[in-house]
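# Survey of secondary and tertiary structure
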Amino acid sequence: MAKPIEALLDERRRYRPPEEFVARANVRDPDVYRQADEDFEGFWSRFAGELDWFRKWDRVLEWNPPDARWFIGGKLNASVNCVDRHLATPRKNKAAIIWEGEPGDTRVLTYQELSREVNRFANVLRSLGVKKGDRVTIYLPMIPELPISMLACARIGAPHSVVFGGFSPTALASRIEDSGSRILITCDGYYRRGELIPQKARADEAAQKSGGIEKVIVVRRAGNDVPMQPGRDLWWHELMEGARGVAAPEEMDAEDMLFMMYTSGTTGKPKGVVHTTGGYLVGVYATTKWVFDLHEEDTYWCSADIGWITGHSYIVYGPLSNGATTVMYEGSPDWPDKDRLWQMVERYRVNIFYTAPTAIRQFMQWGEQYPARHDLSSLRLLGSVGEPINPEAWVWYHRVIGGGRCPIVDTWWQTETGMIMITPLPGITETKPGSATRPFPGVRAAVLDENGQPVPPGGGGYLALLRPWPAMLRTIWGDHDRYVAQYWSRWNRETYYPGDGAKWDEDGYFWVLGRVDDVMNVAGHRLSTMEIESALVEHPAVAEAAVIGALHPIKGQVPVAFVILKSGHAGSPALEQELKQKVAEVISPIARPDRVVFTPDLPKTRSGKIMRRLLRDIAEGKELGDVTTLRNPEVAEELRMAFTSHA
Ligand code: WTA
């Protein structure tokens, strides 16, 4: 079980990079930190210079806080850098993507084959009238057509908006609407724990709800029967049949949008985080190369879903711009058995493996016998991302998966940062279980108090970023005010506020503790409490709802809902099920509350604000402390009783 956060700084274990690792590491000189700090523009421009540009930039950075422009005047294309750049080298016939479907079918695409598919699909999109600047929504599971679609969009300058395949039709519809997409790319169905998921039916529902969709392109994945709407729906394979394998890439300005990615904020409405072509690509290229210590012969596997930022940056754009071999898996880690991932590590001789703490805690719970069935000796580096990793899970990962010989990079970053920001460099950094260690070279971070003053070593406060970085978001789609207010207004216009609490220690190591706002992190997925509350109050029986994230041993946090019913309705196990189902339908099964507690009232302050801290304490079975500031202190005790009697 996770140690309480306060105990983190008592963590005294230290792990030096092993000698054999250091001997071969790409980055060994600790002086890179000083050099990058002194000339961070020069630092980033050296990485930029390793990429292909149609036209070189005139200036590295223009910083009018909080608006940054990177590589001004530069022209490039992301698909050229992820694909074409490698074709004139020995990488031409190297595996770019090794894909495995859940049923066990496989597909390997060399860089040359990937190039052909991307170019053909770029021509398909152009033939449907998609132009530079048009947004394209992609609603696909983890199949090769997903990165192919993304790169084809990049090729013609059409920003993609990938919506996680597990999101509900309602969630998809609101993202289609907000982005103004006319094209939707989806598939007939796919597999999850052996079950067929009817993706096309869900896409149809979303297209109908949102309006605006003119063409739906359907990949045949599962072969299930799907109705095709004449004039609107088109089969991917039919479109591709006649498409030529050469499509001229659009010359994109460095600051042109590459993609948008919706993420949960503190309000009910998800926000479209906008990333650009030049800065984003340089940021993910550099961090993939250094953080994962990529070598030419490596097989690299990030087990995230491409529907989240981790997959965009560290399955698609980072690895492919580096010419790496990246593994993709369609299905569930426990299918057909709980050793599936380890079986794949052995099968492909994976060298670098990147996953989330929630997965690691799940593997711990399943037991060591599953990894023990396989030869994991190919692994040389392990990564973690998405939430704080508790030291016990870190140490287990190191010992059981890494055989005690693999450095672990615990990488802190966000959808908004686009790239890894705080992380060890595996050939340099001595690691401490539970700490993401230090900012990547060229990045400046601090732990600040309410007033924007750095807290003393050992102290806790708010994580802050003190300098622009190339992959930073440029705006929230259609809402620049929200960009300014949300990220650059806590202290001043030059200091970025990520919304995380953190501590730092005497060595300047960062310990990220988790969100300090109304965003929760459920099994590595970001959800807003407001989003779930709005879903609940859509149910006719619900008058008011308050949702909090309660600690959970495997998922990190789970949503717990406190619900006031309208008069004439009574709480029951059946209604609890119905409400959970409602949330799954409106958002996604990920957001389904772990518990729904019916209550006649919610604890409120005198100004009428729901006291969430108290709800969290109740859900976590903690002492309630002082409730005298409440307008209705008796509610606290009633709720506690209701909660425990029902548990
Ligand atoms: C959390 C995922 C602690 C954090 C890349 C952040 C982490 C949010 C770590 C962003 C880490 C991510 N240690 N916490 N190594 N990595 N987080 O946008 O709360 O899905 O604000 O991006 O995840 O989640 P997002």
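The name that an unreviewed UniProt entry assigns to the chain is Acetyl-coenzyme A synthetase, with the source organism given as Carboxydichorda subterranea. Here the chain is described in UniProt, under the heading Catalytic activity (unreviewed entry), as follows: "acetate + ATP + CoA = acetyl-CoA + AMP + diphosphate". Within the UniProt record for the chain, the comment given under Cofactor (unreviewed entry) is "Mg(2+)".

### Focus on the overall build of the chain
Helix and strand counts for the chain stand at 20 helices and 30 strands. The C-alpha atoms of the chain give 24 Å as radius of gyration, which agrees with the globular expectation for 647 residues (26 Å, within 12%). Projected onto the principal axes, the alpha-carbon positions of the chain cover approximately 75 × 65 × 55 Å. Looking at the chain residue by residue over its 647 residues, the buried ones come to 63%. A separation threshold of at least 6 residues defines the contact pool for the chain, and within that pool the share at least 24 residues apart is 71%. Of the roughly 23,800 Å² of accessible surface on the chain, 49% is carried by carbon and sulfur atoms.

### Overview of the packing of aromatic side chains
Summed over the entire model, instances satisfying the criterion amount to 42 aromatic pairs. Summarising the aromatic geometry, the rings of phenylalanine 43 and tryptophan 44 are spaced 5.0 Å apart at their centres and angled 70° between planes, so their arrangement reads as edge-to-face. Of the two residues, phenylalanine 43 and tryptophan 44, both sit in the buried class. Every member of this aromatic cluster is reached through a ring pair, and the members are Phe43, Trp44, Phe47, Tyr285, Trp290 and Phe440. Over the aromatic face of phenylalanine 167 sits the side chain of arginine 175, whose NZ or CZ is 4.5 Å from the ring centroid.

### A look at the UniProt feature "domain: Acetyl-coenzyme A synthetase N-terminal" (unreviewed entry) in the chain
Per the UniProt record, "domain: Acetyl-coenzyme A synthetase N-terminal" (unreviewed entry) is found at residues 31-82. Between the end C-alpha atoms of residues 31-82 the distance is 30 Å, and the span holds 42% helix and 27% strand.

### Description of the side chain of arginine 526
Residue placement: arginine 526 occurs in strand β27 (residues 525-528). Here the side chain of arginine 526 touches threonine 263 through a polar contact of 3.4 Å, side chain to side chain. At 3.0 Å, the side chain of arginine 526 and the backbone oxygen of serine 264 are in polar contact. With residues near it in sequence (within four places) discarded, arginine 526 still touches Thr263, Ser264, Lys271, Gln414, Thr415, Glu416, Arg515, Val519 and Met520.

### Observations concerning the site of the ligand
In the region of the ligand, 17 residues are neighbours, and Asp410, Thr411, Thr415, Asp500 and Arg526 sit closest. Taking proline 388, its main chain carries an N or O atom lying 3.4 Å from a nitrogen atom of the ligand. Threonine 411 places a polar main-chain atom, nitrogen or oxygen, 2.8 Å from a nitrogen atom of the ligand. If the ligand stood free it would expose 530 Å²; the protein chains cover 96% of that surface. Going through the elements one at a time, α11 (309-321), β20 (408-411) and β25 (510-515) are the ones with two or more residues in the shell around the ligand. Grouping the constituent residues of the shell around the ligand by class yields six nonpolar, six polar and five charged.

Cut-offs applied
Residues numbered from 1 in each chain as written. Predicted model: local features only at pLDDT ≥ 70, side-chain atom pairs only at ≥ 80, totals over all residues. Heavy atoms only, no water. UniProt positions renumbered as here; feature names shortened; annotations may be inferred. Helix = DSSP H or I, 4+ residues; strand = E, 2+ residues; numbered from the N terminus. Rg over C-alpha atoms; globule rule 2.2 N^0.38 Å. Buried < 20%, exposed > 50% of the residue type's maximum accessible area, 1.4 Å probe, protein only. Contact = heavy atoms within 4.5 Å. Areas by Shrake-Rupley, 256 points an atom, 1.4 Å probe, with all protein chains shown as cover. Phe/Tyr/Trp six-rings, centres within 6.5 Å; stacked < 30°, edge-to-face > 60°. Lys NZ or Arg CZ within 6 Å of the ring centre and 35° of its normal. Polar contact = N/O pair within 3.5 Å; in protein donor to acceptor, adjacent residues only side chain to side chain. Near = heavy atom within 4 Å. Nonpolar A, V, L, I, M, F, W, Y, C, P; charged D, E, K, R; others polar.

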